[in-house]
Amino acid sequence: MKRVLVRGIQGYQRFISPLKPPTCRFYPTCSHYGIEAIEKHGALKGGYLTTRRLMRCQPFHSGGLDYVPDEFDWKAPLQREKPPSQRDV
């Protein structure tokens, strides 16, 4: 299952993503995040993390740095760093 999900995301990256303008609000991009989450945590947990990330990918979210967590927790709060332009100095 893990391989099927990763291949689907890679297909998106290769065939669909080049047709769209680059508008990602996050680093790493959602597709790279999805592949890393699935490879690190498996199909179910990685799929859950990817779905959560895609739900935040909308115009009202500021985006920023959002890496795949090392340890999985179903109830973990959404942890992310502010972009450098929004950090407190």
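Residues numbered from 1 in each chain as written. Predicted model: local features only at pLDDT ≥ 70, side-chain atom pairs only at ≥ 80, totals over all residues. Heavy atoms only, no water.

- An unreviewed UniProt entry lists the protein under the name Putative membrane protein insertion efficiency factor, with Exiguobacterium aurantiacum given as the organism.
- Of the comments in the UniProt record for the protein, the one headed Subcellular location (unreviewed entry) reads "Cell membrane".
- The UniProt entry for the protein carries the following comment under Sequence similarities (unreviewed entry): "Belongs to the UPF0161 family." (UniProt positions renumbered as here; feature names shortened; annotations may be inferred.)

**Notes on unusual backbone geometry**
Phi is mostly negative for residues that are not glycine, and the peptide bonds are mostly trans.
Then, number 1: In this model, Tyr 27 is joined to Pro 28 through a cis peptide bond whose omega is -5°.
Then, number 2: With respect to the secondary-structure elements, Pro 28 resides in the loop between β1 (26-27) and α2 (30-56). (Helix = DSSP H or I, 4+ residues; strand = E, 2+ residues; numbered from the N terminus.)

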